[in-house]
Amino acid sequence: DTEVTQTPKHLVMGMTNKKSLKCEQHMGHRAMYWYKQKAKKPPELMFVYSYEKLSINESVPSRFSPECPNSSLLNLHLHALQPEDSALYLCASSHAQAPPKTQYFGPGTRLLVL
Amino acid sequence: GQSLEQPSEVTAVEGAIVQINCTYQTSGFYGLSWYQQHDGGAPTFLSYNGLDGLEETGRFSSFLSRSDSYGYLLLQELQMKDSASYFCAPAYSGAGSYQLTFGKGTKLSVIP
């Protein structure tokens, strides 16, 4: 199984809402990532979890709060977002004890903030 | 070292060969990956070079020269379905983990 799943596929939320994005993989990968991708731009790294611990936070605003409850799951909690946060949010996973030669990406959650 | 650079757009004819170049920063560099992304889709892994030289995977090949901080992706026998964005993604080490940095992407258009 080389699949990373993400839910929901699409999400529309207001600026006062609280929502969560979910990501799951069963490949035994111990590194998991959140990326943000705007239209016609490359994916931008937001967070890296290694062995369920946050190892990289790329200066992401606190309205984005990641959580890794176990080795298969990764969440991204959203609160008080801005319209400019509208983007495709991609989750990825890879082996942790090696450089990420191969990161497996989920299909993404397309987020619209109104 | 230089910043991460790759061409923004390339157009090629079906059946032809196209090469997408990439130059990257050297500090903390570990290896170079390439990803393909179709419009509306997620990035998918194509190839990785940890050592200098050529890696071949079917119609796709990738090359790395560490001394030149340079790599390329070579796509042969182009097909219409190869129309997509291609990202070079150097892997860097630091803070006890590794991370990828994605280039701005090269939009490849394959025409009949």
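Residues numbered from 1 in each chain as written. Chains lettered and ligands numbered in written order. Predicted model: local features only at pLDDT ≥ 70, side-chain atom pairs only at ≥ 80, totals over all residues. Heavy atoms only, no water.

Draft legend 1. Spatial organisation of the state of the cysteines. Across all of its chains, the model carries 2 disulfides over all chains by this definition. Here C23 of chain A is linked by a disulfide to C91 of chain A, with a sulfur-sulfur distance of 1.8 Å. Residues C23 of chain A and C91 of chain A are joined by a disulfide whose S-S torsion is about -70°; by sign, that bridge is left-handed. Here C23 of chain A, found in strand β3 (residues 18–25), pairs with C91 of chain A, found in strand β9 (residues 87–94); they are 68 residues apart in sequence, far enough to count as distant. Among the residues examined, C91 of chain A registers a relative accessible area of 0% and is labelled buried. C22 of chain B shares a disulfide with C88 of chain B; S-S distance 2.1 Å. In this structure, the disulfide formed by C22 of chain B and C88 of chain B twists by about 65° around the S-S bond and is classed as right-handed. One end of the pair, C22 of chain B, is in strand β2 (residues 18–23); the other, C88 of chain B, is in strand β8 (residues 84–94), with 66 residues separating them in the sequence. Here the two residues C22 of chain B and C88 of chain B agree in accessibility, since each one is buried. For C68 of chain A, which is in no disulfide, the shortest distance to another cysteine sulfur is to C23 of chain A and amounts to 9.1 Å. (Disulfide = S-S within 2.5 Å. Helix = DSSP H or I, 4+ residues; strand = E, 2+ residues; numbered from the N terminus. Buried < 20%, exposed > 50% of the residue type's maximum accessible area, 1.4 Å probe, protein only.)

Draft legend 2. Layout of the interface of chain A and chain B. Opposite the 23 residues of chain A that make contact, chain B presents 19 residues. Together, the buried faces of chain A and chain B total about 1600 Å²; carbon and sulfur atoms form 65% of this surface. Joining chain A to chain B, the criterion identifies 0 salt bridges. Between the two partners, chain A and chain B, sit 3 residue pairs in polar contact (both at pLDDT 80 or more). Broken down by secondary-structure element, the contributors of at least two residues to the side of chain A that touches chain B are β4 (31–37), β6 (53–57) and β9 of chain A. (Contact = heavy atoms within 4.5 Å. Buried area = accessible area lost by both parts, 1.4 Å probe. Salt bridge = Lys/Arg side-chain N within 4 Å of Asp/Glu carboxyl O. Polar contact = N/O pair within 3.5 Å; in protein donor to acceptor, adjacent residues only side chain to side chain.)

Draft legend 3. Representation of the sheet that holds strand β6 (residues 60–65) of chain B in the model. Residue and element names in this part refer to chain B. With antiparallel pairing, 4 strands are arranged side by side in an open sheet as β2-β7-β6-β5. Strand pairing shows two members of the sheet lacking a second neighbour, β2 and β5 (53–57), which therefore form its edges. With strand direction ignored, the average angle separating the axes of adjacent strands in the sheet is 15°. Where β2 meets strand β7 (residues 70–75), 6 bridges bridge the pair, whose relative direction is antiparallel. Bridge pairing links Q19 to L74 in β7. (Pairing = 2+ DSSP bridges. Axes fitted to C-alpha atoms, helices over the stretch in contact; angles between N-to-C directions.)

Draft legend 4. Up close: the nonpolar core. Counting residues in hydrophobic clusters, the biggest one holds 23 residues, and the most contacted among them are W34, F64, L76 and L78 of chain A. Residue assignment for this core shows that the elements contributing at least two residues are β2 (10–13), β3, β4, β5 (44–50), β7 (64–70), β8 (73–79), β9 and β11 (109–113) of chain A. Core analysis: the next-biggest nonpolar cluster, separate from the first, contains 22 residues, A12, C22, F60 and L78 of chain B among them. (Core = buried A, V, L, I, M, F, W, Y, C linked by side-chain atoms within 4.5 Å.)

Scope: geometric values only; no functional claims are made or implied.
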